[in-house]
Structure formats: structure tokens, C-alpha cells
Amino acid sequence: MADDTATAEDSPVTFNIKSSNDAKYTITLPVSAQVSELKEKLATSEYADTPAERQRLIYSGRVLKDNETLATYKIKDGHTIHLVKSAASNQRQAGTSQTASASTPSSTSATPAAGVPTNLAAGTGNNPLAGLTGARYAGFAQLPGAGMFGPDGGVSGHWRKI
């Protein structure tokens, strides 16, 4: 009976990968393969050509963790795993700017500490409008309460023509 479980753990499973840009791939791996191995395979130019650290794999509503095996998530033949490509992190961008400024000895500008977000909307460095929704743009002004508006959605008697 131990032989049955050993063969079941090493049995291959064929599943589909659907990318966020509607690309589809069919992959066969043993169920004992780790998620990180799947990501490395998807990182090649034959498949998604996206670095493994930027890949998020989702199966049955769960994000797959790199150190887990495919058997952990009970991936079945013919099922689909969704691949979501994440943006490059701000930490990596800050790290490259630090090394660039360190290579120029005449640089006098202060560089941010490694791992410290440069803005309140950390992780959204590729979206130029992301900072506009941050707390620093909200201000401290009090917004009107729902009682100020009438039943039809208009402003009630507080605002009258003069």
C-alpha cells in the first residue's frame, strides 16, 4: 500500500494555465512538484516569459505558495490555474536607484533606506494616478453627513437662494 501512495505522489497531472492577457498554456508536471518549479517553467520564453517573482498563481480561489507542492492544492487533470502578473515592486526599483547613485561619487542627494516605502501607496509605482487616492490627498476637511441631503438626493433646506 505504501507503493500506491508513492506512485500517486509522483503521478503527473495535466492542467491549464490562463494568463491575465488571455494566453493559455497546457502543462504536465508531477503532483510532487513545488509551485516554485511551476513558476520557473512559466518564466521561460516558451510560456508566459514573466519573472517568477512577479507571478501570482490562483487555483480554486487560493493563491499558490512557492514552497508548497501541487498535491497540497489538490490540482486535478484538466483544471485551470490563473496567472496574474504583478507590477515590479518599489523595493526593487529603489534598490536599482541606490546602486546607480552609489556608483556616482558626486551624488549628494539622500537616498531612502532600503525596504522603506517612498510613498503611502507603496506597491503601486507603475500607476501614476495611484497616489491621488492616498490619505495625504484626502485632507482633514469634514465631509457632509447623509442628513444634509434630502430624500430625492438634492440638498435640503440648508442651502437656499438669496
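Below is a summary of the structure that appears in this document. (Residues numbered from 1 in each chain as written. Predicted model: local features only at pLDDT ≥ 70, side-chain atom pairs only at ≥ 80, totals over all residues. Heavy atoms only, no water.)

Considering the overall build of the protein chain
Cut-off, in case you're wondering: Strands here are runs of E lasting at least two residues and helices are runs of H or I lasting at least four, both read from the DSSP assignment and numbered beginning at the N terminus. Remark: exposure states derive from per-residue accessible area (1.4 Å probe, protein chains only) relative to the maximum for the residue type, with buried under 20%, exposed over 50%, and partly exposed in between. A contact between two residues is defined here by any heavy atoms of the two lying within 4.5 Å. Accessible areas in this description were obtained via Shrake-Rupley with a 1.4 Å probe; residue shielding takes into account the shown protein chains only.
In terms of regular secondary structure, the protein chain is built from three helices and five strands. Counting from the amino terminus, the protein chain carries its helices and strands in the arrangement α-β-β-α-β-β-β-α. Counting over 162 residues, the protein chain shows a buried share of 23%. Sequence separation of at least 24 residues holds for 46% of the intrachain contacts in the protein chain that already meet a minimum separation of 6. As displayed, the protein chain has an accessible area near 11400 Å², and 55% of this comes from carbon and sulfur atoms.

Re the nonpolar core
Note the threshold: What makes a nonpolar core is a set of buried Ala, Val, Leu, Ile, Met, Phe, Trp, Tyr and Cys residues whose side-chain atoms join them at distances within 4.5 Å.
If you look at the biggest cluster of nonpolar residues, it comprises 21 residues, and the most contacted ones within it are Phe-15, Ile-17, Leu-38, Leu-70 and Ile-81. Dropping the residues within four chain positions of it, Leu-70 is found in contact with Val-13, Phe-15, Leu-29, Pro-30, Val-31, Ala-33, Val-35, Leu-38 and Ile-75.

A word on unusual backbone geometry
The backbone of Ser-60 shows a phi angle near 55 degrees, a positive value even though the residue is not glycine. Even without a glycine there, the phi angle at Lys-74 is positive, about 55 degrees.

Structural notes on the sheet that holds strand 2 (residues 24-30)
Which entries qualify depends on this criterion: Two strands are counted as paired when DSSP detects at least two bridges linking them. Only C-alpha atoms enter the line fits that serve as axes; for helices the fit covers just the stretch in contact. Angles between N-to-C directions range over 0 to 180 degrees.
Spatial ordering of the open sheet is given by 2-1-5-3-4, a layout of five strands whose pairing is mixed. The open sheet has two free edges, formed respectively by strand 2 and strand 4 (62-63), since each of these has just one partner strand. Here strand 3 (residues 55-59) pairs with strand 5 (residues 80-85) via four bridges, running antiparallel. Across the sheet, Leu-57 pairs through a bridge with Leu-83, a residue of strand 5. Helix-sheet contacts for helix 2 (residues 35-42) involve strand 1 (12-19), strand 2, strand 3 and strand 5, and the interaxial angle to strand 3 is about 120 degrees.

With respect to a positive patch on the surface
Operational definition: Nonpolar side chains (Val, Leu, Ile, Met, Phe, Trp, Tyr) within 5 Å and like charges within 9 Å form the patches, drawn only from residues with over 30% relative accessible area and no salt bridge. By convention in these notes, a salt bridge is any Lys or Arg side-chain nitrogen within 4 Å of a carboxyl oxygen on Asp or Glu. Here the positive residues are Lys and Arg and the negative ones are Asp and Glu; neither His nor the chain ends is included. Here the site of a charge means atom NZ of a Lys, CZ of an Arg, CG of an Asp or CD of a Glu.
Together, Arg-62, Lys-65, Lys-74 and Lys-76 give the surface a local cluster of positive charge. Within the element layout of this structure, Lys-65 appears in the loop between strand 4 and strand 5.

Quick look at the pattern of salt bridges
Scanning the entire structure with this criterion turns up one salt bridge. Its salt-bridge partner being Lys-39, residue Asp-66 comes within 2.8 Å of it at the nearest N-O pair. Note that Asp-66 is positioned in the loop between strand 4 and strand 5 and Lys-39 in helix 2, a separation of 27 residues in sequence. Under the relative-accessibility criterion, Asp-66 is labelled partly exposed at 37%. Under the relative-accessibility criterion, Lys-39 is labelled buried at 6%.

Focus on the pairing of strand 5
Pairing of strand 1 with strand 5, which is carried by four bridges, proceeds in the parallel orientation. For Ile-17, the partnering residue across the bridge sits in strand 5 and is Ile-81.

Notes on the packing of aromatic side chains
This is how it is decided: Between rings of Phe, Tyr and Trp, where Trp is taken as its six-membered ring, a pair exists when centres lie within 6.5 Å; planes separated by under 30 degrees are stacked, by over 60 edge-to-face, and by other angles tilted.
According to the stated counting rule, one finds one aromatic pair in the structure shown. Judged by centre distance (5.8 Å) and plane angle (80 degrees), the ring pair of Tyr-25 and Tyr-47 falls under edge-to-face. Here the residue Tyr-25 occupies a position in strand 2, and Tyr-47 occupies one in the loop between helix 2 and strand 3, the gap between them amounting to 22 residues. No difference in accessibility class separates Tyr-25 from Tyr-47, as the two residues are buried.

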